[in-house]
Each structure stands twice: as structure tokens, then as C-alpha cells.
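One-letter residues, chain by chain:
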Amino acid sequence: QVQLVESGGGLVQAGGSLRLSCAASGWTFSMGWFRQAPGKEREFVAALRWSGSSTYYAESVKGRFTISRGNAKNTVSLAMNSLKPEDTAVYYCAADLTLGGPPQIASEYDYWGQGTQVTVSS
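Rules and cut-offs
Position numbers for residues start from 1 in each chain and track the written sequence from start to end. Owing to the predicted nature of the model, reporting of local features is limited to residues with pLDDT of at least 70; listing and counting of side-chain atom pairs is limited to 80 or more, with chain, interface and lining totals taken over all residues. The basis for the side-chain values is all heavy atoms of the structure; hydrogens and waters are excluded. Pairing of aromatic side chains here covers Phe, Tyr and the six-membered ring of Trp, requires ring centres within 6.5 Å, and sorts the geometry by plane angle: under 30 degrees stacked, over 60 edge-to-face, intermediate tilted. Runs of E in the DSSP output that reach at least two residues are strands. Runs of H or I that reach at least four are helices, and both are numbered from the N terminus. Relative accessibility thresholds used throughout: buried, under 20% of the residue-type maximum; exposed, over 50%; partly exposed, between the two (1.4 Å probe, protein chains only). Here the nonpolar core consists of buried residues drawn from Ala, Val, Leu, Ile, Met, Phe, Trp, Tyr and Cys, with membership extended through side-chain atoms lying within 4.5 Å. Contacts between residues were defined by any pair of non-hydrogen atoms, one from each residue, lying within 4.5 Å. By convention in these notes, a salt bridge is any Lys or Arg side-chain nitrogen within 4 Å of a carboxyl oxygen on Asp or Glu. By definition, disulfides here are pairs of cysteine sulfur atoms that lie within 2.5 Å. In the analysis that follows, any N or O atom pair within 3.5 Å is treated as a polar contact, provided that within protein one partner can donate a hydrogen and the other can accept it, and provided that, for residues neighboring in sequence, both atoms belong to side chains.

Q: Break down the packing of aromatic side chains for me, with residues and values.
A: According to the stated counting rule, one finds 4 aromatic pairs in the structure shown. Note on Phe34 and Tyr109: the rings are 5.3 Å apart at their centroids and 80° apart in plane angle, and the pair reads as edge-to-face. Here the residue Phe34 occupies a position in strand 4 (residues 30-36), and Tyr109 occupies one in the loop between strand 9 (89-96) and strand 10 (111-112), the gap between them amounting to 75 residues. Considered together, Phe34 and Tyr109 belong to a single accessibility category, that of buried residues.

Q: Just give me the short version of the nonpolar core, but keep the residues and values in it.
A: Within the largest apolar cluster, 33 residues are counted, with the highest numbers of intra-cluster contacts made by Trp33, Leu78, Met80 and Tyr91. Sequence-distant contacts of Tyr91, defined by excluding residues within four places in its chain, comprise Glu6, Leu20, Trp33, Phe34, Arg35, Val45, Phe65, Leu78, Met80, Gly115, Thr116 and Val118.

Q: Any details on the pattern of salt bridges? Residues and values, ideally.
A: Enumeration according to the criterion identifies 4 salt bridges in this entry. The shortest N-O distance in the salt bridge between Glu43 and Arg35 comes to 2.6 Å. The partner of Asp87 in a salt bridge is Arg64, with the nearest N and O atoms 2.8 Å apart. Highlighted residues: Asp87 in the loop between strand 8 (75-80) and strand 9 and Arg64 in the loop between strand 6 (54-57) and strand 7 (65-69), separated in sequence by 23 residues. Arg64 carries the same exposure label as Asp87, and that label is buried. Taken together, the shared-partner salt bridges connect Arg35, Glu43, Arg64 and Asp87 into one network.

Q: With reference to specific residues and values, describe the state of the cysteines.
A: A complete count under the given rule lists 1 disulfide for this structure. Paired by a disulfide, Cys22 and Cys93 hold their sulfur atoms 2.0 Å apart. Judged by the sign of its S-S torsion, about -85°, the cystine formed by Cys22 and Cys93 is left-handed. Taken as a pair, Cys22 in strand 3 (residues 18-24) and Cys93 in strand 9 lie far apart in primary sequence, 71 residues in all. Across the pair, Cys93 and Cys22 agree in class, each one buried.

Q: Any details on the environment of Tyr57? Residues and values, ideally.
A: With respect to the secondary-structure elements, Tyr57 resides in strand 6. For the pair Tyr57 and Val45, spaced 12 residues apart in sequence, the C-alpha to C-alpha distance is 5.8 Å. Ignoring anything within four residues of it in the chain, the contact list for Tyr57 reads Phe44, Val45, Ala46, Lys62, Phe65, Thr66 and Ile67. From its side chain, Tyr57 meets the backbone nitrogen of Ile67 in a polar contact 2.9 Å long.

Q: I'd like a description of the environment of Lys84, backed by residues and values.
A: Looking at the element boundaries, Lys84 is found in the loop between strand 8 and strand 9. Since its relative accessible area comes to 34%, Lys84 is described here as partly exposed.

Structure (C-alpha cells):
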């Protein structure tokens, strides 16, 4: 069992920045971030595979968001810049324990955090 603890998030004006962090209690093969806005399905944001440090981004956040290893072991950060009102959502950290399918697919992940709210005002 792997527990994920998220931190960061909050309220920011459009054009501002926020940083999310996620700490896993055990080893993972990859970690990702997804988000879900009210009335919408959960969508992929970014992912990081530890092996080779490969990163993946949704087109909507590419160039604005950066996923990276955290300073502590088994942690990942998501730096979000140039935030837009449409980035408003609950952001979820996810962990994948095996080499499976594409990291953009939510069902590939084995564990999920409780979510942290990000609100971008216009």
C-alpha cells in the first residue's frame, strides 16, 4: 500500500504561479498529476517516470507546467506558471507501481491522493 500526500494549491490570479508537491510513502515506477473541474471528467496533466526521468504533458499545459523530482525521495513537484481560469480544478497526484501502458491513462495508476484545490481567478 502506497500513500500519497499532496501539498500546495490555493487561490491565485490569472497569470500567477503555484507549486504542487506529492510525497509517496513507498517506491513507485512513475507518478502523475490529473485534474478534475466541476462537471468534467478527470483529465491528465503531467507525468514523470523515474527511469530515465521521462516527462509527459497534456497539450493544454505544455510550456506552462513543469513536473520534476522533489528534493525528498519519492516526491514529485508540479510547477504551474501562467495560470489561466480554465486551470481551475481539483488536482490529484497518482502513483503507478508497474511498467504498464501510457502514463496519460488514469486507469494505469494504482494509488491516488485525496486531491488539492487550485482556483485561478480572472
